Amino acid sequence: MIEPVSKNNFSEILPLIRAYQQFYDVASISDEKNAAFFSQFGESNPAGCQFIYRESGDAIGFATRDWVRHGVFFVCINHHRKGSRSE
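Caption draft 1: Region of interest: helix H1 (residues 14–23). Where H1 is concerned, the buried positions are Leu 16, Ile 17 and Gln 21. Down the axis of H1, the buried set is contained in an arc of 140 degrees. They therefore lie on one face. Relative to its buried face, H1 has exposed residues pointing more than 90 degrees away, namely Pro 15 and Phe 23. Positive backbone phi, at 55 degrees, marks Asp 25, one or two positions downstream of H1.

Caption draft 2: Examining the packing of aromatic side chains more closely. Under the definition given, this model contains seven aromatic pairs. On the numbers, 6.3 Å between centres and 75 degrees between planes, the contact of Tyr 20 with Phe 62 is edge-to-face. Of this pair, Tyr 20 sits in helix H1 while Phe 62 sits in strand S3 (residues 58–66), placing them 42 residues apart in sequence. Overall, the relative accessible area of 3% leaves Phe 62 in the buried class. Note on Phe 38 and Phe 62: the rings are 6.4 Å apart at their centroids and 85 degrees apart in plane angle, and the pair reads as edge-to-face. Of this pair, Phe 38 sits in helix H2 (residues 31–38) while Phe 62 sits in strand S3, and the two are 24 residues apart along the sequence.

Here is what the cut-offs are and how they apply
- Residues numbered from 1 in each chain as written.
- Predicted model: local features only at pLDDT ≥ 70, side-chain atom pairs only at ≥ 80, totals over all residues.
- Heavy atoms only, no water.
- Buried < 20%, exposed > 50% of the residue type's maximum accessible area, 1.4 Å probe, protein only.
- Helix = DSSP H or I, 4+ residues; strand = E, 2+ residues; numbered from the N terminus.
- Arc of directions from axis to C-beta.
- Phe/Tyr/Trp six-rings, centres within 6.5 Å; stacked < 30°, edge-to-face > 60°.

Below, the structure written as structure tokens:
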């Protein structure tokens, strides 16, 4: 199920953002900076929007559409969740 990210579920995408950055070997990952940056993409925000993807109720992916920075699109699907085939 795909749903928009809001204040009510924003905290669920932060671990996914961290996993995305770890996958790409980002040197200095900051949860505080991630929260500050990605919180700008909210419902009814001209900067962009975010979506959360769920399987069996668990947040396993996110997408961010950034209208300001040339339409950058980030996607992360957590394939290493508990019970996945990749374990």
